[in-house]
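The residues making up each chain are set out below.
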Amino acid sequence: VVIGTDLDADGGDSYPGGRGMGRLGGRHGGYVDSYGEGPGRGQNTSNDGGGGGHATKGAGNDSNTGLAHGDEPITHLRGGSGAGGGDYHGAGAGGGVISIEAHGNGSVTILSGGSVTADGGVTHNSDQGGGGGAGGAIRIAGRAITNLGTISAKGGTKSGAYAGGGGRVAFHYSHNLVRGAVNVGSGDYEGSISDNTAPVVVGDLTAETVYFTPNYVTDIPGLREYIFNGSFDDNQIDPIDSGNGFL
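Residues numbered from 1 in each chain as written. Predicted model: local features only at pLDDT ≥ 70, side-chain atom pairs only at ≥ 80, totals over all residues. Heavy atoms only, no water.

1. What to know about the confidence of the model for the chain
The condition that has to hold: Confidence scores labelled pLDDT are given residue by residue by the predictor and lie between 0 and 100. Contacts are assigned to residue pairs with any non-hydrogen atoms lying within 4.5 Å of each other.
Residue-level pLDDT values for the chain average 85, and 80% of them are 70 or greater. Predicted confidence for residues 209-232 stays below pLDDT 50, and this span has 30 contacts to residues more than four positions away or in other chains. Within the model, the stretch residues 234-247 combines pLDDT values under 50 with 21 contacts to residues more than four positions away or in other chains.

This is the structure we're talking about:
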């Protein structure tokens, strides 16, 4: 997989009378005086909207606003949460999700000048405006990964407004990684960057394990007889006459 263009899943900015709209898995920001959307949604905190959360909590003066969620390897693709709206203006949306996966032993290369972004959106006006949406999620998998361009999943920031939490970037590779330029925010709102390699087995390996789940019944002595006749004795399972022969 070779990327020489811009792949953009950025969250939308708010506009007069409206809110920032999420796309590709990013969650919408809040309208005026309304919460954002998503598991880390921003809330309205006093006059201003709180930032949305993802890898880190969004900014705000309410402890319940913009909570963090998800995990560093990005087991499940989840976009950034939307920010809360302010008293006068709506909020930014969370960044979306992008997954780039090379088949088999294929590699992934982002060329110089190319970019993959899932940044959070911002409010259009910070005067009692909404917060910034959280950064989204970018997952890249291949035997070798080379980034010569730009990867970004940062929260939305605007002077005078509460910032969105940082997003997540995860690399899954088995041979080689050139991480390159990756931006997931900074300071208290810096998101996560995760490098993950597949396990390598050298030599002979024998493994044995027993799986148990309560969703399935385990066959124990007498169970079949009990199902038919209410007594535990598999040696004497009696036929049941349905009226048209044995069942």
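2. Notes on the pairing of strand β12 (residues 192-197)
Quick reminder of the rule: Only protein chains enter the area calculation, which uses a 1.4 Å probe; residues under 20% of their type maximum are buried, those over 50% are exposed, and those in between are partly exposed. What counts as a helix is a DSSP run of H or I of at least four residues, what counts as a strand is a run of E of at least two, and both are numbered from the N terminus. Strands are treated as partners if at least two bridges between them are detected by DSSP.
Of the two faces of β12, only one is covered, namely that formed by S192, S194 and N196; the face formed by I193, D195 and T197 stays uncovered. For strand β10 (residues 168-178) and β12, the ladder comprises six bridges, and the chain directions are parallel. Residue H172 lies in a different strand from β12, and its bridge partner there is N196.

3. Things to note about unusual backbone geometry
Phi at L24 is positive, roughly 50 degrees, even though this residue is not glycine. Within the secondary structure layout, L24 lies in the loop between β2 (6-8) and β3 (44-45).

4. A closer look at the pattern of salt bridges
Put simply, the test is: Salt bridge criterion: a side-chain nitrogen from Lys or Arg within 4 Å of a carboxyl oxygen from Asp or Glu.
Under the defined criterion, the tally for this structure stands at five salt bridges. For E101, the salt bridge is made with R139, and the minimal N-O distance between the two is 3.6 Å. One end of the pair, E101, is in strand β5 (residues 97-101); the other, R139, is in strand β8 (residues 137-147), and 38 residues separate them in sequence. A salt bridge links D195 to R179; the shortest N-O distance between them is 2.8 Å. With D195 in strand β12 and R179 in the loop between β10 and β11 (181-183), this pair connects stretches of sequence that are 16 residues apart.

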